[in-house]
Amino acid sequence: MDTLTALHTRVSFPRLSEPAPSEAQLEAIYQAALRAPDHAMLRPWRFLTITGEQRSQLGQLLVEAAKLASPQLTDAEENKLLQAPLRAPLLVAVICSPRFHEKVPELEQLLSTAAAVQNMLLAAHALGVGAMWRTGLISYHEHVKQGLGLRNTEKLLGFIYMGQPLGQPKPIQPLDTKDYFQPWQG
Ligand SMILES: Cc1cc2nc3c(=O)[nH]c(=O)nc-3n(C[C@H](O)[C@H](O)[C@H](O)COP(=O)(O)O)c2cc1C
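For the chain, the name recorded in an unreviewed UniProt entry is Putative NAD(P)H nitroreductase, with Zooshikella harenae as its organism. The annotation that UniProt attaches to the chain under Sequence similarities (unreviewed entry) is "Belongs to the nitroreductase family." UniProt's Cofactor (unreviewed entry) comment on the chain is quoted here verbatim: "FMN".

Written as structure tokens, this is what we have:
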């Protein structure tokens, strides 16, 4: 798939099944992440891959965090969180690890990490791998951060779910560039 086609046709796949991407596909997807724009080449990111039984452990962690946030969690809410990480064979937790640099504020490092995610989504799409960037409010809870082993200065930017796409890609809503790009009037 050529680059513009990939850019113009990428969609998220909420429904993903086994198998996880192959080693070769993952290497290509991860290399794409590492080509994100990165001021001063700080590599302000790291990623944790979560597969198999560890997905259930992540579900448990989400439930624990949700109970800390709101002790009246219903059984249905608990079950939804337990099942959430099982929606794909592979999750990649995206972590921004800001480094100190006098010319590169933390915001730029967050933006770099987000660009790395987009590169991964596009590479996955180009390879026929289904993917979706997901967070869920509870993923910002301190307990989740600790459970995943993040340092205090690090931020969890969500999870990229990857697998075999299920169902048809959703139709892409055409947008008019003129609604978003306008000449500066000076
Ligand atoms: C940081 C971030 C977190 C997101 N978290 C969720 C989420 O938890 N659940 C969800 O349904 N969509 C989430 N989305 C949106 C989807 O990833 C997706 O972009 C959206 O459904 C639009 O679909 P499209 O990518 O096919 O255009 C998130 C997007 C971003 C950028």
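Enquirer: Which residues make up the packing of aromatic side chains, and what are the values?
Expert: Per the stated rule, a full pass over the model turns up zero aromatic pairs. Between Arg-134 and the ring centre of Tyr-161, over which it is positioned, the NZ or CZ distance is 5.4 Å.

Enquirer: Can you lay out the UniProt feature "domain: Nitroreductase" (unreviewed entry) in the chain for me, pointing to particular residues and giving the numbers?
Expert: Sites flagged by UniProt as "domain: Nitroreductase" (unreviewed entry) map to residues 18–163. Helix makes up 44% of residues 18–163 and strand 19%. Its end C-alpha atoms lie 6 Å apart.

Enquirer: Kindly report on the site of the ligand, identifying the contributing residues and their values.
Expert: Every residue close to the ligand is listed here: Arg-10, Val-11, Ser-12, Met-132, Trp-133, Arg-134, Thr-135, Gly-136 and Lys-170. Arg-10 places a polar side-chain atom, nitrogen or oxygen, 3.0 Å from an oxygen atom of the ligand. In this structure, an oxygen atom belonging to the ligand sits 2.8 Å away from a side-chain N or O atom of Lys-170. When the ligand sits alone it has 620 Å² of accessible area, and the protein chains cover 55% of it. Residues that form the shell around the ligand fall into these classes: three nonpolar, three polar and three charged.

Analysis parameters
Residues numbered from 1 in each chain as written. Predicted model: local features only at pLDDT ≥ 70, side-chain atom pairs only at ≥ 80, totals over all residues. Heavy atoms only, no water. UniProt positions renumbered as here; feature names shortened; annotations may be inferred. Phe/Tyr/Trp six-rings, centres within 6.5 Å; stacked < 30°, edge-to-face > 60°. Lys NZ or Arg CZ within 6 Å of the ring centre and 35° of its normal. Helix = DSSP H or I, 4+ residues; strand = E, 2+ residues; numbered from the N terminus. Near = heavy atom within 4 Å. Polar contact = N/O pair within 3.5 Å; in protein donor to acceptor, adjacent residues only side chain to side chain. Areas by Shrake-Rupley, 256 points an atom, 1.4 Å probe, with all protein chains shown as cover. Nonpolar A, V, L, I, M, F, W, Y, C, P; charged D, E, K, R; others polar.

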